[in-house]
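Topology and contacts: notes
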Amino acid sequence: MRDLLVNRRRLEYELHDPVVAGAPLVVFLHEGLGCLEAWRDFPARVAAATGCGTLVYSRWGHGGSEARPGAWPVSFMHDEAQSSLPDLLGHLGIERPVLFGHSDGASIALLHAAQYPDAVRAVISVAAHVMVEAETVESIRAARARFEEGSLRQGLERYHGPNTATMFDGWSGVWLHPAFRGWDIRPELGRVRCPVLAIQGSADHYGTPVQLDAIRDGVAGPVVTSLLRGCGHSPHRDAPDAVIKAVSTLVARLE
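Quick summary incoming for the structure in this document. (Residues numbered from 1 in each chain as written. Predicted model: local features only at pLDDT ≥ 70, side-chain atom pairs only at ≥ 80, totals over all residues. Heavy atoms only, no water.)

**Remarks on the pairing of strand 2 (residues 9-16)**
The side chains of a regular strand alternate between both faces of the sheet. For clarity, the cut-off: Any two strands with at least two DSSP bridges between them are considered paired. Comment: elements are numbered from the N terminus, with helices defined as DSSP H or I runs of at least four residues and strands as E runs of at least two.
Note that strand 1 (residues 2-6) and strand 2 share five bridges and pair antiparallel. Looking across to strand 2, one finds that Asp 3 is bridged to Glu 12. What sits between the antiparallel neighbours strand 1 and strand 2 is a turn of two residues, in which Asn 7 has the positive phi angle 55 degrees. Here strand 2 pairs with strand 4 (residues 53-57) via four bridges, running antiparallel. Paired with Leu 15 across the two strands is Leu 55, which belongs to strand 4.

Here it is in structure tokens:
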């Protein structure tokens, strides 16, 4: 694990070259409460199955990256997709990666592919949000209650340490802000031309299959959707073998 400065902010990252010559590099973009370590061994399993290289990092304010104090702007996902992520990739000399995003990370992956359609080889979107649903807001309200009660805070402290409170307050504050209710990236999906694999769990309490339908209908490039029965908001944890198989199929078809 190493650190680098992106936009004058220290970010932790872990980079592994492809083990198969010519294989792409997969960039893992974590969920709203995630970080580098929260991926556990999943990136390594993807690399072993596909031969791809991997880049895993913690966004500003998450994990062991630099703290992000104060309120977050409602544009935080656009900011990451259109500024921070391309700066990170440029610093590391990474070109045309496959983006594997989970939840907010999947939304960021789609936004980045829309902004830079020629710079992304493929997007793997797991539990993405492309608009705000009532189910999402209610689940985040429930998460805030668990955080204030202490049980969720304790679990998150394992990964975020001293960043835990500022990270959770910043993230939940955006999602619960009235100004964010109109957040909707569906009009931008038409600029995504690369192949997209969109996965969601049928028991996802943060979103409904409407999100999958919107990705399928909105993206300009080829799209494969998969609704995994019995999976919650983290299909790569609930059904890792199924997700890795789908990822391997996608990677094998890339030029």
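**Considerations on the sheet that holds strand 4**
The following threshold applies: Lines are fitted to the C-alpha atoms to define the axes, a helix being fitted only along its stretch in contact, and any angle between axes, read from their N-to-C directions, falls within 0 to 180 degrees. Any two residues whose heavy atoms approach within 4.5 Å at even a single point are treated as in contact.
Taken in spatial order, the eight strands line up as 1-2-4-3-5-6-7-8 in an open sheet, and their pairing is mixed. Each edge of the open sheet is held by one strand with a lone partner, namely strand 1 and strand 8 (223-228). On average, each strand axis in the sheet is tilted by 20 degrees relative to the strand beside it, whichever way the strands run. Across the face of the sheet, helix 2 (residues 76-92) comes into contact with strand 1, strand 2, strand 3 (25-29) and strand 4 while running at roughly 125 degrees to strand 1.

**Remarks on the packing of helix 5 (residues 151-160) against helix 6 (residues 164-175)**
Quick reminder of the rule: Here roughly perpendicular refers to angles of 65 to 115 degrees, roughly parallel to angles under 35, roughly antiparallel to angles over 145, and oblique to all remaining angles. Take the far helix as your reference; a near helix turned counterclockwise from it by less than a right angle gives a left-handed crossing, and one turned clockwise gives a right-handed crossing. Under the grouping applied here, Gly and all other residues not named as nonpolar or charged are polar, the nonpolar ones being Ala, Val, Leu, Ile, Met, Phe, Trp, Tyr, Cys and Pro and the charged ones Asp, Glu, Lys and Arg.
Between helix 5 and helix 6, the least distance of the axes is 9 Å, while the angle of their chain directions is 115 degrees. Between helix 5 and helix 6, the angle falls in the class roughly perpendicular. Crossing handedness for the pair helix 5 and helix 6: right-handed. Where helix 5 abuts helix 6, its residues Leu 152, Arg 153, Leu 156, Glu 157 and His 160 lie against Thr 164, Ala 165, Met 167 and Phe 168. Along the lines of polarity and charge, the residues of the contact of helix 5 with helix 6 split into five nonpolar, two polar and two charged.

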